[in-house]
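Spelled out from the first residue to the last, the chains are:
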Amino acid sequence: MNEQSEQSITVIGAGVIGLCCARTLQRRGYGVTVIDPLDPGMGTSYGNAGILATGSVLPEGKPGLWKRVPGMLLDPLGPLTIRPSYLAKLTPWMLRFIANTTAKRSEEISQALASIVLPGLEHYRALLDDVASDEVPIRQQGCLYLYPSAANLAAARDDIETRRQRGVALEMLSPDEVRQLVPAIGPDMAGGALATQSGHATSPLALSQLLAARIVADGGNFIKAKASGFAIGSDGPTHVHTDQGDIPVRAVVVAAGAFSKPLAKSLGNTVPLDTERGYHMMLPQPGIDLRVPMLINAHGYAVTPMQDGIRLAGTVEFAGTEAAPNYARADVLLKRARKLFPGLQDTGAEKWMGHRPSMPDSLPVISRSSRFNQVYFAFGHGHLGLSLGAVTGRLIADLVQDRTSEICHVPFRADRF
Ligand SMILES: Cc1cc2nc3c(=O)[nH]c(=O)nc-3n(C[C@H](O)[C@H](O)[C@H](O)COP(=O)(O)OP(=O)(O)OC[C@H]3O[C@@H](n4cnc5c(N)ncnc54)[C@H](O)[C@@H]3O)c2cc1C
C-alpha cells in the first residue's frame, strides 16, 4: 500500500454517513479512501424509510417512557420492544436514555437537533450540485405526519407546537384534505400535518451509489475490508488493522454506524452507542399510488413511495447487533399499513432488518477524538442518518480543516457523556 500523503483521509464505513464525509472532504481537496467489507450503501443506509426528515426535531425519548418497559418486554411484535435476553446489556444505555427525557434535556436536545435537521436537505443540494438534478434520487414533496385516530392527533398537539417553535413549516390537514393528497387512503384516519420542506430519497441505495460513483470518478479509493483496530504511533493511528492486512493511514474518520463503538474506544473515546433495530417491507407491486411519504409516529413506521414500489419501514427492537432478525415484525408493518390503505398488495414483498446506530440522547457523535487530533467520529445518527448525511459531512470537513462552522459542534462531541 502507498504511504498516505498529507492531504489524505481514510473513512471507515461506506454507509451514507461515511460516503457524505468522504465526498465532502474530497470536494475540499483531500484524497479519500473508504474501507468497508460491504458495497457502498449496503448497511443500514440501504433499507431505511428514505425520508429526509427536516421536521424531526424531537428527541426519541418521552417522559414516562420507563413505565412502558414491562410492556416492551412482553410484546415482541409491538412498535417498541426489548428482547428479554438483551435487557441486562441494554440497561446502562436505557438509564441514560431515560435521564434524557426530562423537560430541560428534551428542550436542549430538540434545539441541537433542529440545528442539523432543518438544513439537512439544503446540505445535500450543495454536496450534489455537480450532478444533474434529474440524476439525484431525491424529491422534495413534503412529508405527511398522519394521525390514525383523534386520540393520536390530540396526543401529538404538543409535538406539533414544538416543531413549529423550532421553525418546521407544518400545514395542518383535515381528513378530507389528507384524502385529496393521498387518494388511496381508507376511512380510518383523523387528519395530518404536512411538513412542506421535507423530502425523500426515491432509493436510499441509489443515493449512496451516486455518492460512491462521484468519489471514484474523482480518484477516491474503496477497499473491501473490515477494520479491527489500529496501530498507534506517537501522534495517533499509523495503520488500520483489517482482515485484508494493515492499511497505512494519516487521518481517520470512523463512520461504521452501529459498529463504531469498539473502533472509537481504541481511538480514545468510550461512547454509549447501541442499536435500535428496524425492519422494512418493500412492496414492488403495491396496487396503490402514493406521492408523498408518510410518518405514522403513533405506530412507529413510515410509508414511502420509492422508485421500486412502496416501502413500509420502522419499528424499534432492542436486541443488539448479533441476534437473528424477527421478520414477523416486518409482517406487522404490512398489517398496520393495510388498515390505512385497504387496497395495499404484497405480491413479491421483500423483508429487511437493519441496525440504527443510536445514542441515548438522540444526538449523533460528530466530533474530533478526545485523544488524537487526526481522528474524527461520525456515527450514532439513530433514526435520522439519511437526513443528516450531508450536514454531517460538512461538519466533519470543517473539523478537519479547523474551520468555524455555522452550526455549533458542542452538542455532538464524543466526550459529552
Ligand atoms: C427501518 C429504518 C428506517 C429508517 N428510516 C430513516 C429515514 O426515513 N430517514 C432517516 O434519516 N434515517 C432513517 N433511518 C436511519 C438511517 O438509516 C441510519 O441512521 C443511517 O443509515 C446510518 O448510516 P451510517 O452510515 O451511520 O450506517 P450504515 O449505513 O450502517 O453504514 C455503516 C457501514 O460501516 C460498515 N462497517 C461496520 N463495521 C465496520 C468495520 N469494522 N470496518 C469497516 N466497515 C465497517 C458497515 O458495513 C456499513 O456499510 C432508518 C433506519 C431504519 C433501520
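We now turn to the structure provided with this report. (Residues numbered from 1 in each chain as written. Predicted model: local features only at pLDDT ≥ 70, side-chain atom pairs only at ≥ 80, totals over all residues.)

What surrounds the ligand is a group of 43 residues, the closest being Gly15, Gly43, Gly257, Gly278 and Gly385. When the residues that make up the shell around the ligand are grouped by side-chain class, the tally is 22 nonpolar, 18 polar and three charged. (Near = placed C-beta within 6 Å. Nonpolar A, V, L, I, M, F, W, Y, C, P; charged D, E, K, R; others polar.)

Let us look at the sheet that holds strand S2 (residues 31–35). Spatial strand order, S10-S2-S1-S14-S21-S20: six strands in an open sheet with mixed pairing. A strand with exactly one partner marks an edge of an open sheet, and here the two such strands are strand S10 (221–223) and strand S20 (365–368). For this sheet, the mean inter-axis angle between neighbouring strands, taken without regard to orientation, is 15°. Two elements, S2 and S10, share three bridges in a ladder whose sense is parallel. (Pairing = 2+ DSSP bridges. Helix = DSSP H or I, 4+ residues; strand = E, 2+ residues; numbered from the N terminus. Axes fitted to C-alpha atoms, helices over the stretch in contact; angles between N-to-C directions.)

Here we take up the nonpolar core. Within the largest apolar cluster, 113 residues are counted, with the highest numbers of intra-cluster contacts made by Ile12, Cys21, Val253, Val254, Ala255 and Ala378. It is helix H1 (residues 16–27) that contributes the most residues to this core, seven residues altogether. Aside from chain neighbours lying at most four places away, what touches Ala378 is Ile17, Cys21, Val253, Ala255, Ile366, Thr392 and Ile396. (Core = buried A, V, L, I, M, F, W, Y, C linked by C-beta atoms within 7 Å. Buried ≥ 20, exposed ≤ 12 C-beta atoms within 10 Å, placed from the backbone. Contact = placed C-beta atoms within 7 Å.)

In this section: the sheet that holds strand S5 (residues 138–139). Strands sit in the order S3-S9-S5 across an open sheet of three strands; the sheet is antiparallel. If you trace the sheet from one side to the other, it starts and ends with strand S3 (51–52) and S5, each paired once. Here S5 pairs with strand S9 (residues 199–201) via two bridges, running antiparallel. Its bridge partner lying in S9, Ile138 is registered against Ala201.

Take the packing of H1 against helix H13 (residues 389–400) next. Helix-helix packing: each pair is described by the crossing angle between the helix axes and the interaxial distance. Two numbers describe how H1 lies on H13: the axes approach to 8 Å, and their chain directions differ by 50°. As judged from the angle between their axes, H1 and H13 are oblique. At the point where H1 passes H13, the crossing takes the right-handed sense. Each of Val16, Ile17, Cys20, Cys21, Arg23, Thr24 and Leu25 in H1 lies in contact with H13, whose residues at this interface are Gly389, Ala390, Thr392, Gly393, Arg394, Ile396, Ala397 and Val400. (Parallel < 35°, antiparallel > 145°, perpendicular 65-115°, else oblique. Left-handed = near helix turned anticlockwise from the far one by under 90°.)

In this section: the packing of helix H6 (residues 120–127) against H13. Between H6 and H13, the shortest axis-to-axis distance is 7 Å and the interhelical angle comes to 70°. When the axes of H6 and H13 are compared, the pair comes out roughly perpendicular. Two secondary-structure elements touch here, H6 through Gly120, His123, Tyr124 and Leu127 and H13 through Ala390, Val391, Gly393 and Arg394.

Counting buried residues in strand S21 (residues 375–379) gives five out of five residues, a clear majority hidden from the surface. Burial along S21 is two-sided: the face carrying Val375, Phe377 and Phe379 and the face carrying Tyr376 and Ala378 are both buried. Pairing of strand S14 (residues 252–254) with S21 involves three bridges; the strand directions are parallel. Its bridge partner lying in S21, Val254 is registered against Phe377. As defined by bridge partners, S20 adjoins S21 across four bridges and the pair is classed as antiparallel. Among the inter-strand pairings, Ser367 is bridged to a residue of S21, identified as Phe377.

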